[in-house]
Amino acid sequence: MAVVLKKLKEETYPIVKWVGGKRQLMFELIKNMPKSYNRYFEPFIGGGALFFELQPENAYISDMNEELINLYQVVRDNVDELIIDLQRHEVSKKYFMRIRNIDRTDKYENWSDIQKASRFIYLNRTCFNGMYRVNSQGQFNVPFGHYKNPRIIDENNLLNCSELLKKTEIRCADFSEVLSKVRNGDFVYFDPPYVPLNETSSFTSYTKDGFDIDMQFKLREVCDELDSIGVKFMLSNSDTELANELYANYEIKKVFASRAINANVDGRGKITEVLVRNY
C-alpha cells in the first residue's frame, strides 16, 4: 500500500495552478480510491492535486508537456537554485511580456532547465487565471493577469515538494507508457483533457499537439489493457454521451465540480463529471 510521508502532510500542495485541477474534488477522489494498492501512477499529472495530497512514497508521474515535466525535475533535483532564480522576477506587464515572449526567440534554447522552470512558475502565478495554454508552435500565449501581489516564491512548499519528488519517477511520456511500467496490484489515476461539452468548449492546448477524440479512444484501450492485467484504475472525464459510452463496461459515478475557467460569468458554476473505476 502507498506509504504517506507524514512529516510532509498538511505542508505540501500543488506547485502550479492548472486548468481542470482536482483540489475541489479531493474528497470524492479520496473516497473512491481503492483501499489498498502497490505503486501509484498518474499520467496527465498536470498540477498533480491528488498526487500532492496522497504524497505516495513510490510513484510514477508523467505528462507530454515538456515544460511541466522539466519543472518537476528541477524541483526534485535543483530546488535551491530554482528558489534563487525566482527572486529575480518582477511583477509588471512589460516584464511579463518579455519573459512570456522569450520562447519566440533563439535565446530560449540556451536557457538552463532551472531558468525555464523559474519562468514556468512566474508565468503561472502572474498570467490570467493561472492558465497554461500554448499555440500551434508550442509558445505560451496567455495574457498578463494584473494581480497586485502574486506569490511567486513559495519556498517552504517547494522544499517539501522536492523531498516528495525525490521518491518519484518523472517522465515526459505518452500516457500509454504506463503499460510497460505497471504490475498487478498497482493503481493508476487518469485525469486527461476532457471530452468537450460542446463544439465551442474544447480546451486541449496543454501541448502543441492537443488531445483529440481519437486519443480518448486510445485512452479507453489503455484502460481495458490495465483491467486485463489486474491493475486498478480511476479516471475523470466530462459527463458527456461519449465518455459514458466509452466506459460503459466500468463503474461510472457522477460527481459535481465547479467550472472556474470561463470568460462568461454565467458559464461558471456546478457541473457534473464522471468518475470511472474498474474496482
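Criteria and thresholds
Position numbers for residues count from 1 along each chain, tracking the sequence in the order it is written. Where local features are concerned, this predicted model is filtered to residues with pLDDT of at least 70; where side-chain atom pairs are given and counted, the filter is 80 or more; whole-chain, interface and lining totals use all residues. With hydrogens and water set aside, each side-chain value is computed from the structure's full complement of heavy atoms. Note on conventions: DSSP H or I runs of at least 4 residues are helices, E runs of at least 2 residues are strands, and numbering of each starts at the N terminus. Throughout, a contact is declared for two residues whenever any of their heavy atoms are within 4.5 Å. Per-residue accessibility takes into account occlusion by the displayed protein chains alone, with areas from the Shrake-Rupley method and a 1.4 Å probe. Polar contacts, as counted here, are pairs of nitrogen or oxygen atoms within 3.5 Å of one another; within protein the pair requires one atom able to donate a hydrogen and one able to accept it, and residues that are adjacent in sequence qualify only if both atoms are side-chain atoms. Working rule for helices: expected span equals 1.5 Å times residues minus one. Only protein chains enter the calculation, and the probe is 1.4 Å; a residue is then buried if its accessible area is under 20% of its type maximum, exposed if over 50%, and partly exposed in between. Residues belong to one nonpolar core when they are buried, are Ala, Val, Leu, Ile, Met, Phe, Trp, Tyr or Cys, and are joined through side-chain atoms within 4.5 Å. To be clear, the arc concerns the directions from the helix axis to the C-beta atoms. Each residue carries a pLDDT value, the predictor's own confidence for that position, ranging from 0 to 100. Note on geometry: axes are C-alpha line fits, over the in-contact stretch for helices, and angles between N-to-C directions span 0 to 180 degrees. To sort the angles, those under 35 degrees are grouped as roughly parallel, those over 145 as roughly antiparallel, those from 65 to 115 as roughly perpendicular, and the leftovers as oblique. Each crossing gets its handedness from the near helix: less than a right angle anticlockwise from the far helix is left-handed, clockwise is right-handed. Note on residue classes: Ala, Val, Leu, Ile, Met, Phe, Trp, Tyr, Cys and Pro are nonpolar, Asp, Glu, Lys and Arg are charged, and everything else, Gly too, is polar. The pairing criterion for strands is at least two bridges between them, as found by DSSP. When the strands point away from the viewer, a crossover counts as right-handed if the route from the first strand across the helix to the second turns clockwise. Here the aromatic set is Phe, Tyr and Trp, taking the six-membered ring for Trp, and pairing holds for ring centres within 6.5 Å; pairs whose planes are under 30 degrees apart are stacked, those over 60 apart are edge-to-face, and all others are tilted.

**Student:** Run through the overall build of the protein chain, naming residues and quoting values.
**Tutor:** Along the protein chain, the regular secondary structure elements total nine helices and seven strands. Sequence separation of at least 24 residues holds for 73% of the intrachain contacts in the protein chain that already meet a minimum separation of 6. Total accessible area computed for the protein chain in this model is approximately 13700 Å², and 47% of it derives from carbon and sulfur atoms.

**Student:** Before we move on, can you summarise the side chain of N157 with the specific residues and values?
**Tutor:** Residue position: N157 is located in helix α7 (residues 155-165). A polar contact is formed between the side chain of N157 and the backbone nitrogen of Y13, at a distance of 2.9 Å. The contacts of N157, once residues within four sequence positions are left out, are E11, T12, Y13, P14 and I15.

**Student:** Explain helix α6 (residues 113-126) to me, using residue names and the numbers behind them.
**Tutor:** With 14 residues, α6 ought to run about 20 Å at 1.5 Å a step, and its terminal C-alpha atoms sit 20 Å apart, in line with that. Most of α6 sits out of view: eleven of its 14 residues are buried. The set of residues buried in α6 consists of K116, A117, S118, R119, F120, I121, Y122, L123, N124, R125 and T126.

**Student:** Talk me through the nonpolar core; I want residue IDs and the actual numbers.
**Tutor:** One finds I15, Y40, L50, F51, Y72 and L158 to be the most contacted residues of the largest nonpolar core, which totals 58 residues. Here this core takes six residues from helix α3 (residues 66-77), the largest share from any one element. Sequence-distant contacts of L158, defined by excluding residues within four places in its chain, comprise I15, V75, V79, L82, I83, L86 and I121. One finds F41, C223, A243 and V276 within the second-largest nonpolar core, a separate group that totals 25 residues.

**Student:** Quick one: what's the story with helix α4 (residues 79-86), residue by residue and with numbers?
**Tutor:** Among the residues of α4, those classed as buried are V79, L82, I83, D85 and L86. Viewed along the axis of α4, the buried residues span an arc of 165°, placing them on a single side of the element. Residues of α4 that are buried sit in contact with α3, α6 and α7.

**Student:** A description of the confidence of the model for the protein chain should follow, citing residues and the corresponding values.
**Tutor:** With 88% of its residues at a pLDDT of 70 or more, the protein chain shows a mean pLDDT of 90. Scored below 50 in pLDDT, residues 200-207 shows 21 contacts in the model against residues more than four places distant or in partner chains. Long-range and interchain partners of residues 261-267, a stretch whose pLDDT sits below 50, account for six contacts in this model, where long-range means more than four residues apart.

**Student:** So what's going on with the packing of α4 against α6? Residues and values would help.
**Tutor:** For the pair α4 and α6, interaxial distance at closest approach is 9 Å and the crossing angle is 55°. With respect to α6, the element α4 is oriented oblique. Crossing of α4 over α6 shows right-handed handedness. Side by side, α4 and α6 meet where E81, L82, D85 and L86 of the first sit next to I114, Q115, A117, S118 and I121 of the second. Classifying every residue of the contact of α4 with α6 gives five nonpolar, two polar and two charged.

**Student:** Can you lay out the pairing of strand β2 (residues 59-63) for me, pointing to particular residues and giving the numbers?
**Tutor:** With respect to burial, β2 is a largely interior element, five of its five residues being buried. Here β2 shows no split at all, with A59, I61 and D63 on one side and Y60 and S62 on the other all buried. Across three bridges, the pairing between strand β1 (residues 40-42) and β2 is parallel. Among the inter-strand pairings, E42 is bridged to a residue of β2, identified as I61. Handedness of the β1-helix α2 (residues 49-54)-β2 crossover: right-handed. Across five bridges, the pairing between β2 and strand β3 (residues 168-172) is parallel. Paired with D63 across the two strands is C172, which belongs to β3.

**Student:** Explain the environment of Q73 to me, using residue names and the numbers behind them.
**Tutor:** With respect to the helices and strands, Q73 occurs in helix α3. Measuring from C-alpha to C-alpha, the distance between Q73 and S162 comes to 8.9 Å, with 89 residues separating the pair along the chain. Among all residues touching Q73, those that are not within four sequence positions of it are N78 and I170.

**Student:** Hey, could you go over the packing of aromatic side chains for me, with residue numbers and the actual values?
**Tutor:** Here the structure, examined in full by the defined rule, presents 19 aromatic pairs. When the centroid spacing of 5.3 Å and the interplanar angle of 40° are considered together, the rings of F41 and Y60 count as tilted. Note that F41 is positioned in strand β1 and Y60 in strand β2, a separation of 19 residues in sequence. The exposure class assigned to F41 is buried, which follows from its relative accessible area of 0%. Its relative accessible area of 0% is what places Y60 among the buried residues. With centroids separated by 6.1 Å and ring planes inclined at 55°, the aromatic side chains of F175 and F211 adopt a geometry described as tilted. Separated by 36 residues along the polypeptide, F175 in the loop between β3 and β4 (187-190) and F211 in the loop between β4 and α8 (213-228) bring together distant segments of the chain. Of the two residues, F175 and F211, neither departs from the other in class, the shared state being buried.

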